[in-house]
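# A structural walkthrough
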Amino acid sequence: MSLRIVCPNCSAALTLGRAPARGWVHCPRCTGRIDLAAPVAEELPPDEPDAPAPPPARARARSVGESLARAAIPLGYVLFVLVPMIFTIRFAMQQLEKPKEPAAPVDVAEDNPPRAELEPKAKGPRPKKKRPIEPEEVIPPVQPVPAVPGPRDAPPPRDLSAELDAAVLRSRDPNPSARRGAAPALARFLSKSDPTVRRKAMMALSEMSGDAEPARAAVRAATDDPDEVVQLLARRALVSIDAAERARKELFALAGELRAKGTDARVAALNKIAGYGKGAATVGDAVIDALRDKEKAVRDAAAEALARFHPDAKTIALCVTGLQARDPKARIETLDQIGALGAEAKGASEYLIEAMLDNGPGVQAAAFKAMERVNPPLHVPLVTVFHGQPNQRRAALDRLAQLGADAGCTVPLLLVCNDKPQLWGTDPHYDLFPAIAKIAPHDRRFVAAVLASVAAPNPANSAPTRARRLAGLAQLDAIDADARSKVDALATGLADKSTQPAVIAALAEYGADAKPALPALKELTASPTEAVRTAAVAAVVKIEAALADK
C-alpha cells in the first residue's frame, strides 16, 4: 500500500510505494529527515493510482542541461564543418572562373624542346616521385607541330597567267580540233575576278572565229561583264562566231557540189571554196579528194583551193596524185621525191604511213626510207609497230604516246591496229585508246571511234566488243563531242546487258542532258539483276534532280 507523507521541514508532499524498513526517509527537496512514525503519513487506498510527484529543482536543472547539450551537437557541426566547407567550395569556383593566361609558345621544331622558365612553386602536397623508365619503354621524339595558317599566313592567290598562256597558245594551234578544244578552257577564265585575265581570254576567243563555237554561251554571258573592254570583245567574238557558222554551212553546201556530174559545176564550187581562204579548212578533206578527180581542170582547181588554206598544199598534191599511180615504180618515184624534201614534207607523214601498207614491190621500203628523212622521230616506232614483236610493239606505242601531238599522223594507223589484238599479243582486246588520247584527243576520227565503241551492238555477248565498249567509256570525257552525241551513244549501248551498270553510271553523270535516256533507265529499275537495278535507280534520281534544278 502506498504512503503519502508531508515533509515537516519544507511542507513538500511525497508519495512512497512502500514503507522503508528503517522507518525514516530523506526529503528529496530539502534533504531533511522525515520520521515515518510521526503523524505525517497517510495511507492511500489501493485502487487509487499514485499521482506523479513534481520533479525536484535539481532534477529540472539536469534535464535542461541535457537538452542544451543535445542542441549544441548539430549547431557545432554546422559552425565547424558546413560553414568552412561552403567557403572552400566558393573559393574553388572563383579560381575556375578566372581567365587563364596563354601559355608561352614552345619551339618543338628541334629534337629536344627547350625547358620552360622557372615559376614560383605553388603550395600543396609534394608530387610523387616518377617511376624510372625501363629500357624497353622508349619515349617517341616530339614531332614538329604544323603551324595553323592565320589570316596573314594565307597562301597567295594562284597565278593564272601560265594556264591562260597555255590556253591561248592552244587556241592558235594549226590543228582545228585542238583549237576548238581550247575554247572551253578559255571560257573558264571569263568568270575570274581579275579583269586583265578576262580581257586576255576574251581577246583570244574573238580571234578564233568559228573555232570559238563551243564557248558561245560563255561569250554571250560576257556581253554583260562589268568591264567595258570585255563587253566589246565579247560582242566582236559573237559576230565572228555567227559569221563563221554561216560560212561553215555555205562551205558544206559547196563541198556537196563537188560530187556533181558536170565538170564545170565542180570547178565552180572549188573556185568559191578558194574564196573563203583559211576558213575553207573545214572542208579540206573534200578538197583533197578532188585532187583525185579524173578531170585535169578539177584537179588544178582543187590544188589552187588547197593552197589558200593548207601550208603543205604542194606536198599533199604530190602525195595524192603520185601515190595513186597504178605503176608501183611511179609510186616509188613519188616517195623518193617526198623524201628529198626532208622536213619540209612533214605534212605528208600521214600519206607516207598509208604507203607503208602498200603491197607493191619495193613501195613499203621506199615509204619507210622517206619517213626516216621527213619525220625521223616517227621512223623507229613505226618500223617496230609494223615488224616488231608484241612486247616491242607495246613499247613503241608508249613512245608514240610520249610524242603527243607530233604523232598525230599515226591516229588512222593506230585505230586500225586497235581492232587487231594479235599484233599486241593479247586476248581478246588491247586498248589503244589511252595512247591515242595522249596523241590527238580531239581528232574527229578518234572521236568517232570512241562513240562507235560505246554504241556498238553486242547480241552475241562478244568479249572483244564488251572490252572495246568499256575502253570507250573511259575516254568519253577526253573526246571533243557534244553531250547529246555522247548520251545517244550511251543509250544505244544500254542494250548490252554485260556492261549495263557501267553505261548507266556514265549516263547519270550527264544530269539533265541525259533526259532522252530516262525512259529506258526507268525500265531498268525493275531489272532482275541487282547491280543493274541499283545503278538505274541512282541514275534516275540524279537525272530527275538535275531536271528539277534546271
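Reading the values: the criteria
- Residues numbered from 1 in each chain as written.
- Predicted model: local features only at pLDDT ≥ 70, side-chain atom pairs only at ≥ 80, totals over all residues.
- Heavy atoms only, no water.
- Helix = DSSP H or I, 4+ residues; strand = E, 2+ residues; numbered from the N terminus.
- Buried < 20%, exposed > 50% of the residue type's maximum accessible area, 1.4 Å probe, protein only.
- Contact = heavy atoms within 4.5 Å.
- Areas by Shrake-Rupley, 256 points an atom, 1.4 Å probe, with all protein chains shown as cover.
- Axes fitted to C-alpha atoms, helices over the stretch in contact; angles between N-to-C directions.
- Parallel < 35°, antiparallel > 145°, perpendicular 65-115°, else oblique.
- Nonpolar A, V, L, I, M, F, W, Y, C, P; charged D, E, K, R; others polar.
- Pairing = 2+ DSSP bridges.
- Expected span 1.5 Å × (residues − 1).
- Arc of directions from axis to C-beta.
- Core = buried A, V, L, I, M, F, W, Y, C linked by side-chain atoms within 4.5 Å.
- Phe/Tyr/Trp six-rings, centres within 6.5 Å; stacked < 30°, edge-to-face > 60°.
- Polar contact = N/O pair within 3.5 Å; in protein donor to acceptor, adjacent residues only side chain to side chain.
- Patch = residues over 30% accessible without salt bridge, like charges linked within 9 Å, V, L, I, M, F, W, Y side chains within 5 Å.
- Salt bridge = Lys/Arg side-chain N within 4 Å of Asp/Glu carboxyl O.
- Disulfide = S-S within 2.5 Å.
- pLDDT = per-residue confidence, 0-100.

### Some remarks on the overall build of the protein chain
Looking only at helices and strands, the protein chain has 23 helices and five strands in total. For the protein chain, the proportion of its 550 residues judged to be buried stands at 36%. For the protein chain, long-range pairs separated by at least 24 residues make up 55% of all intrachain contacts whose partners lie at least 6 apart in sequence. As displayed, the protein chain has an accessible area near 34,700 Å², and 57% of this comes from carbon and sulfur atoms.

### A look at the packing of helix H21 (residues 500-508) against helix H23 (residues 530-549)
One way to put it is that H21 packs onto H23 with a least axis distance of 9 Å and a crossing angle of 10°. In this view, H21 runs roughly parallel relative to H23, as classed from their interaxial angle. Within the contact between the two elements, H21 uses Gln-500, Pro-501, Ile-504, Leu-507 and Ala-508 and H23 uses Ala-531, Val-532, Ala-535, Ala-536, Ala-539, Lys-542 and Ile-543. Classifying every residue of the contact of H21 with H23 by side-chain character gives 10 nonpolar, one polar and one charged.

### Describing the pairing of strand S1 (residues 3-6)
Side-chain alternation along S1 places Leu-3 and Ile-5 on a buried face and Arg-4 and Val-6 on a face that remains uncovered. Note: S1 against strand S2 (residues 13-16), four bridges, orientation antiparallel. Within S2, the position partnered with Ile-5 by the bridge is Leu-14. With antiparallel pairing between neighbouring strands as the criterion, S1 and S2 make up a hairpin whose turn holds six residues, including Ser-11 at a positive phi of roughly 65°.

### Description of helix H15 (residues 390-403)
Compared with the 20 Å implied by 1.5 Å per residue over 14 residues, the 20 Å span of H15 between its first and last C-alpha is a close match. Among the residues of H15, Arg-393, Ala-396, Leu-397, Leu-400, Ala-401 and Leu-403 are the ones counted as buried. Relative to the axis of H15, the buried residues are bounded by an arc of 150° and lie together on one face. In this fold, the buried residues of H15 make contact with helix H14 (376-387), helix H16 (411-417) and helix H17 (433-439).

### Considering the nonpolar core
If you look at the biggest cluster of nonpolar residues, it comprises 98 residues, and the most contacted ones within it are Leu-476, Leu-490 and Leu-507. Sorting elements by how many residues they give to this core places helix H13 (residues 363-374) first, with seven residues. Look past the residues within four positions of Leu-476 in its chain and what remains in contact with it is Val-450, Leu-451, Val-454, Lys-486, Leu-490 and Tyr-510.

### Focus on the environment of Thr-529
Along the polypeptide, Thr-529 turns up in the loop between helix H22 (518-524) and H23. A residue is classified by how much of its surface remains accessible, and Thr-529, at 41% relative accessible area, is partly exposed. C-alpha separation for the pair Thr-529 and Pro-501, spaced 28 residues apart in sequence, amounts to 9.8 Å.

### Section: the packing of aromatic side chains
According to the stated counting rule, one finds three aromatic pairs in the structure shown. Between the aromatic rings of Phe-368 and Phe-386, the centroid separation amounts to 5.5 Å while the plane-to-plane angle is 85°, which identifies the pairing as edge-to-face. Of this pair, Phe-368 sits in helix H13 while Phe-386 sits in helix H14, and the two are 18 residues apart along the sequence. Phe-386 carries the same exposure label as Phe-368, and that label is buried. Between Trp-424 and Tyr-430, the ring centres sit 5.4 Å apart and the planes meet at 25°, which makes this aromatic pair stacked.

### Let's talk about the environment of Ala-448
Looking at where Ala-448 falls in the secondary structure, it is placed in helix H18 (residues 444-455). Remark: the alpha-carbon pair of Ala-448 and Ala-481, spanning 33 residues in sequence, is separated by 9.0 Å.

### Concerning the side chain of Asn-418
Positionally, Asn-418 belongs in the loop between H16 and H17. Reaching out from Asn-418, the side chain makes a polar contact with the backbone nitrogen of Leu-432 at a distance of 3.2 Å. Residues in contact with Asn-418, not counting those within four places in the same chain, are His-429, Tyr-430, Asp-431, Leu-432, Phe-433 and Arg-468.

### With respect to a nonpolar patch on the surface
On the surface, a nonpolar cluster with roughly 300 Å² of combined accessible area is contributed by Met-85, Ile-89 and Met-93. With respect to the helices, strands and loops of the structure, Ile-89 is situated in helix H1 (residues 57-97).

### Considering the state of the cysteines
With the rule as written, the count across this model stands at zero disulfides. Free of any disulfide, Cys-10 has its nearest neighbouring cysteine sulfur in Cys-30, separated by 3.5 Å. We note that Cys-27 lacks a disulfide partner, and the nearest cysteine sulfur, in Cys-10, lies 3.5 Å from it. Take Cys-27: its relative accessible area is 2%, and that puts it in the buried class.

### Observations concerning unusual backbone geometry
Glycine aside, the phi torsion of most residues is negative, and most peptide linkages are trans. Although it is not a glycine, Ser-209 adopts a positive phi angle of roughly 55°. With respect to the helices, strands and loops of the structure, Ser-209 is situated in the loop between helix H4 (195-207) and helix H5 (216-221). Using a relative accessible area of 31% as the deciding quantity, one classes Ser-209 as partly exposed. Of note in the backbone geometry, Asn-461 takes a positive phi value of approximately 55° without being a glycine.

### Describing the pattern of salt bridges
Taken as a whole, this structure holds 20 salt bridges when the rule is applied. The residue Arg-331 makes a salt bridge to Asp-358 at a minimum N-O spacing of 2.9 Å. Note that Arg-331 is positioned in helix H11 (residues 328-341) and Asp-358 in the loop between helix H12 (349-355) and H13, a separation of 27 residues in sequence. Across this residue pair, the class does not change: Arg-331 and Asp-358 are buried. Within the structure, one salt-bridge network assembled from shared partners comprises Glu-213, Arg-216 and Asp-242.

### Quick notes on the confidence of the model for the protein chain
Interpreting fine coordinate detail is not advised for predicted regions of low pLDDT. Here the protein chain averages 81 in pLDDT, and 78% of its residues register 70 or above. With pLDDT under 50 throughout, residues 47-51 is counted as low confidence; its partners more than four residues away or in other chains account for two contacts. A low-confidence stretch, residues 128-156 stays under pLDDT 50, and its non-local contacts, those more than four residues away or across chains, total six contacts.

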